[in-house]
Amino acid sequence: MSKRFEELVNQMQKIAAEELQAANSKFPAFSGKHEGFAVLREELDEMIEECNKTVRAVNELWENVKGNEPLEITVDDIKQYSLHTAAEAVQVAAMAMKFVSSGVCKDITELPEMEIKTSEENTAGKRAVARLFE
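Notes on the structure follow. (Residues numbered from 1 in each chain as written. Predicted model: local features only at pLDDT ≥ 70, side-chain atom pairs only at ≥ 80, totals over all residues. Heavy atoms only, no water.)

## Focus: the packing of aromatic side chains
What characterises a pair of aromatic rings is the spacing of the ring centres plus the angle enclosed by the ring planes. We count it as follows: Two rings from Phe, Tyr or Trp (for Trp, the six-membered ring) form a pair when their centres are within 6.5 Å of each other. A pair whose planes differ by under 30 degrees is stacked, one over 60 is edge-to-face, and the rest are tilted. Runs of H or I in DSSP of at least four residues are treated as helices and runs of E of at least two as strands, each being numbered from the N terminus. Exposure classes here rest on a 1.4 Å probe applied to the protein chains alone. A residue is buried below 20% of its type maximum, exposed above 50%, and partly exposed in between. Consider the ring centre and the ring normal. A charge sits over the ring if Lys NZ or Arg CZ is within 6 Å of that centre and within 35 degrees of that normal.
Applying the stated criterion across every chain, the model contains 1 aromatic pair. Relative to F99, the ring of F30 lies with its centre 6.3 Å away and its plane at 65°, an arrangement referred to as edge-to-face. With F30 in the loop between α1 (3–26) and α2 (33–66) and F99 in helix α3 (residues 75–101), this residue pair connects regions lying 69 residues apart in the sequence. The two residues F30 and F99 agree in class, both being buried. Positioned over the ring face of F30 is K98, at 5.5 Å from the centre of the ring.

Here it is as C-alpha cells:
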C-alpha cells in the first residue's frame with residue numbers, strides 16, 4: 001500500500017467515526033447481534049448497488065469508446081457513482097464500528113461470509129427487512 005493510500009484510509013476512518021457519531025445521535029445501540037448484522041448487511045447491499053452502477057457505467061463507456069461511438073454516459077456520471085459507492089462504504093464501516101461498540105458481539109470472532117446478491121435480490125431483501133420493522 002502506498003503512503004498516500006494509507007493517508008486516504010486514515011481520512012476515511014475519521015469520516016466513518018463521524019458517520020457513527022451521527023448515527024448514534026439518531027438511533028440507539030444495536031439490541032443484539034441479529035439487528036447489528038441486519039443493519040450492516042443493508043448498508044453493504046446499498047454499497048454493492050452503487051458499485052454495480054459504477055461498473056455498468058464504466059462498461060458502457062468502454063463499449064462507446066471501443067466502437068468509436070458517441071458517449072452515452074459521461075465520465076461525470078462515473079465519478080458520481082464512485083463517490084456514492086465511497087459514501088456507502090463509509091456507512092458500512094460506521095455500522096461495523098457500531099456493531100462492536102454496541103457490545104453485542106463479544107463472542108463473535110468474525111462476521112459470517114456474505115454472498116453478493118444481484119440488484120433484484122437486494123431489493124427483495126430490503127423489502128423483507130423493512131417489513132420486519134413495520
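## Overview of α3
Defined as follows: In this analysis, the expected span of each helix is defined as 1.5 Å times one less than the number of residues it contains.
Over its 27 residues, α3 runs 39 Å from end to end, which matches the ideal 39 Å to within 8%, given 1.5 Å per residue. Every buried residue of α3 is accounted for by I78, T85, E88, V90, V92, A94, M95, K98 and F99.

## Remarks on a nonpolar patch on the surface
Note the following rule: Any residue with relative accessible area above 30% and no salt bridge may belong to a patch, with like charges joined within 9 Å and the nonpolar Val, Leu, Ile, Met, Phe, Trp and Tyr side chains within 5 Å. Each accessible area value is a Shrake-Rupley result obtained with a 1.4 Å probe; residue values ignore everything except the protein chains displayed when judging cover. The salt bridge definition used is simple: a Lys or Arg side-chain nitrogen within 4 Å of an Asp or Glu carboxyl oxygen.
Together, M1, F5, L8 and V9 make up an exposed nonpolar region whose accessible area comes to about 410 Å². When its relative accessible area of 37% is taken as the criterion, V9 is described as partly exposed.

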